[in-house]
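# Observations on chain architecture
Below, each chain spelled out in residue letters.
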Amino acid sequence: MKPPEKKLIIVCSSNSQMLKAEGLLKQKKIQTELVPTPSHHGSICSTSILIQGADREAAEGYLGEKRINYRLYPYETKKLTGLMKALMDRAAKQDFLEIMEKLEAGADLTKEEIVRLLNTQSNMEEEMLIAAADRMRKEIVGDRVEIRAAIEFSNYCKKSCHYCGIRKGCDSPKRYRMSEDEILAQVHQIHQLGIKTVILQSGEDDYYTLERLISLIQRIKRETAMAITLSIGERSYEEYAALKQAGANNYLLKIETTNPKVFQSLHPDDDLNHRKQCTQWLKELGYVTASGNMVGLPGQSLEDIAEDILYFKEMGIHMIGIGPFVPAKGTPLAHGVVGNVALTLRAVAATRLVCKNVYLPATTALASVDPEGQVKALRAGANTIMLISTPLQYRESYQLYSNKNMIDIQSAVDAVEGANRLLPKYLKRRNENE
Ligand code: SAH
Ligand code: SF4
């Protein structure tokens, strides 16, 4: 019997060509998956199409007819050649070593194997896991750390997620909304630092109608041409489409947890399947998608975290933010237990090893519970830092959780240097220009 044909990856010349190609293949009943473009074929922050090897001829025929500009490659999973040799002087249990061997060979891990990675049984195993993830990070995204900047432009929210410090009904934060001009002033400051991507984040605030958001996006594009990430929660398909059309590039909407019971117990206004649906829409509309979870949620198990990681992989998410749960004043979980830093770092490392071809932020939540949190995450597979560029007078009111760290450019630079990594080439350090 012939072995099953390997999967193939279609890398298109632009996002619009990719969307056209995907629409066409789907219409012709060819099974497709949207995944981050493998780093050796292009930018991870773009999307390519996976198809079954058996569909090659048919797919090439349809794409040729419509003159789609694309290249086709065999889909290779990343091997970690030399991993076992590098780890040889460290002792670990046999089952753990077998997982390392699978990673070296580029094989996919099962849920049980991911749980085992999260459940290291000695310092030595922990070191091996972190070393393997760091190696994978280096091979996939190299040593430069990506720096992005967030403007938290409104802390009004119509939802009551149990963990969140700006949830509706929580009376501790002083509520604020930034005007378009105020937001633009911050965007220009970020732009002057050379940063390429601005993240616009808020509670779910209907004051920012489609019309207001489109005007904001268009102005940012006109005045700076920066890439825009939106993080404004759940909206309708039509709204996501209009915001994409207006120029938004990326969308950050975390799944938080894939355990339906835990999700339901924390989100009185939300439904896990609808959250997944929103993520699927964002992908189909051509957004570069960011998701993520919290580690240490009440009722969450290691199996749940492993399931989250498999979900990120199956959904072809481009950027995955993993942070500890941090209790927030004035919320139903105010007296909860903060997520474990070491487990969060193992989750970051396991995500790098399983999802491979992704951007992983060293999250603000990690920096908030451990002053060394970002350096540790950068050493455990992370490659991105998000600055907080919210105006000073509003920062204190955007406490999603208590004692939130206000990562500024200096602390980002310190973390990058502390982890022995490189700053992005585009970053303009003020003192260099003086
Ligand atoms: N309203 C939008 C964006 C703001 S919340 C949304 O919900 O998507 C952004 C993120 O903050 C959430 O996805 C959640 O993961 C994180 N967050 C909120 N409260 C938190 C807490 N107590 N501990 C850790 N992370 C928290
Ligand atoms: Fe609102 Fe987002 Fe907080 Fe939920 S997590 S209450 S949607 S700001």
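Residues numbered from 1 in each chain as written. Chains lettered and ligands numbered in written order. Predicted model: local features only at pLDDT ≥ 70, side-chain atom pairs only at ≥ 80, totals over all residues. Heavy atoms only, no water.

### As for the overall build of the chain
A count of helices and strands for the chain gives 18 helices and 11 strands. What you see for the chain is a C-alpha radius of gyration of 21 Å, in line with the 22 Å of a compact globule of 434 residues. C-alpha extents for the chain along the principal axes are approximately 70 × 55 × 55 Å. Of all 434 residues assigned to the chain, the portion counted as buried reaches 56%. Residue pairs in contact within the chain that sit at least 24 positions apart in sequence constitute 74% of those at least 6 positions apart. (Helix = DSSP H or I, 4+ residues; strand = E, 2+ residues; numbered from the N terminus. Rg over C-alpha atoms; globule rule 2.2 N^0.38 Å. Buried < 20%, exposed > 50% of the residue type's maximum accessible area, 1.4 Å probe, protein only. Contact = heavy atoms within 4.5 Å.)

### A word on the site of ligand 2
The environment of ligand 2 is made up of Cys157, Lys159, Cys161, Tyr163, Cys164, Ile166, Arg167, Gly203 and Glu204. Tallied by class, residues from the shell around ligand 2 come to 5 nonpolar, 1 polar and 3 charged. (Near = heavy atom within 4 Å. Nonpolar A, V, L, I, M, F, W, Y, C, P; charged D, E, K, R; others polar.)

### Focus on the environment of Ala225
Structurally, Ala225 can be placed in the loop between helix H8 (210–224) and strand E7 (227–231). Judged by relative accessible area, which is 59%, Ala225 ranks as exposed. With 22 residues separating them along the chain, Ala225 and Gly247 place their C-alpha atoms 9.5 Å apart.

### Observations concerning the side chain of Thr390
The topology assignment puts Thr390 in the loop between strand E11 (384–388) and helix H16 (392–395). With relative accessibility at 0%, the residue Thr390 sits in the buried group. Separated by 2.6 Å, the side chains of Thr390 and Glu152 make a polar contact. If sequence neighbours within four positions are ignored, Thr390 has contacts with Ala150, Ile151, Glu152, Tyr176, Gln186 and Arg395. (Polar contact = N/O pair within 3.5 Å; in protein donor to acceptor, adjacent residues only side chain to side chain.)

### Considering the site of ligand 1
Lining the immediate environment of ligand 1, one finds 16 residues, of which Tyr163, Ser202, Glu256, Val326 and Leu400 sit closest. Within the backbone of Ser202, one N or O atom sits 3.0 Å away from a nitrogen atom of ligand 1. In this structure, Val326 approaches ligand 1 through a main-chain N or O atom, which is 2.7 Å from a nitrogen atom. The fraction of the free accessible surface of ligand 1 (540 Å²) that becomes covered by protein chains is 92%. Among the residues forming the shell around ligand 1, the class breakdown is 9 nonpolar, 5 polar and 2 charged. (Areas by Shrake-Rupley, 256 points an atom, 1.4 Å probe, with all protein chains shown as cover.)

### Comments concerning the nonpolar core
Membership of the largest hydrophobic core comes to 121 residues, with the highest contact counts inside it found for Met100 and Leu200. Counting residues per element, this core draws most heavily on helix H13 (residues 341–355), at 10 residues. Leu200 has contacts with Ile151, Phe153, Ile183, Leu216, Ile220, Ile228, Thr229, Leu230, Ser231 and Ile232, leaving out every residue within four places of it along the chain. Counting 15 residues, the second largest nonpolar core, distinct from the first, contains Met18, Leu24, Leu25 and Ala59. (Core = buried A, V, L, I, M, F, W, Y, C linked by side-chain atoms within 4.5 Å.)

### Digging into the sheet that holds strand E8 (residues 250–252)
Pairing between the strands of a sheet is mediated by backbone hydrogen bonds and can be parallel or antiparallel. Pairing in this open sheet of 7 strands is parallel, and the strands run E10-E9-E8-E7-E6-E5-E11 from one edge to the other. Lying at the two open borders of the sheet, with one neighbouring strand each, are strand E10 (319–324) and E11. This sheet shows a mean twist of 25 degrees between the axes of neighbouring strands, independent of strand direction. Relative to strand E9 (residues 288–295), helix H12 (residues 302–315) is tilted by about 175 degrees, and along the sheet it contacts E9 and E10. (Pairing = 2+ DSSP bridges. Axes fitted to C-alpha atoms, helices over the stretch in contact; angles between N-to-C directions.)

### So, the side chain of Asp205
Looking at the element boundaries, Asp205 is found in the loop between strand E6 (197–202) and H8. In terms of polar contacts, Asp205 uses its side chain to reach the side chain of Ser154, at 2.7 Å.

### Some remarks on the packing of H12 against H13
Put simply, H12 and H13 touch, their axes get as near as 10 Å, and they point 35 degrees apart. Judged by the sense of rotation from one axis to the other, the crossing of H12 with H13 is right-handed. Listed contacts from H13 to Leu302, Ile305, Ile309, Phe312 and Lys313 of H12 are Leu343, Ala347, Ala350, Thr351, Val354 and Cys355. Of the residues in the contact of H12 with H13, the class split is 9 nonpolar, 1 polar and 1 charged. (Left-handed = near helix turned anticlockwise from the far one by under 90°.)

### Describing the packing of aromatic side chains
How two aromatic rings sit relative to each other is given by the distance of their centres and the angle of their planes. One pass over the structure, following the stated rule, counts 7 aromatic pairs. With a centroid separation of 4.7 Å and 85 degrees between ring planes, the pair formed by Phe153 and Tyr208 is classed as edge-to-face. A residue pair is termed long-range when its members are at least 10 positions apart, and Phe153 in strand E5 (residues 146–154) and Tyr208 in the loop between E6 and H8 qualify at 55 residues. We classify Tyr208 as buried; its relative accessible area is 6%. Between Tyr207 and Tyr208 the ring centres are 5.0 Å apart and the planes differ by 85 degrees, which places this aromatic pair in the edge-to-face class. Exposure remark for Tyr207: the relative accessible area of 36% places this residue in the partly exposed category. Aromatic ring contacts, followed pair by pair, group Phe153, Tyr207 and Tyr208 into a single cluster. In this arrangement the basic side chain of Arg177 is found over the ring face of Tyr156, its NZ or CZ atom lying 3.8 Å from the centre. (Phe/Tyr/Trp six-rings, centres within 6.5 Å; stacked < 30°, edge-to-face > 60°. Lys NZ or Arg CZ within 6 Å of the ring centre and 35° of its normal.)

The values reported here are purely geometric and, on their own, carry no functional implication.
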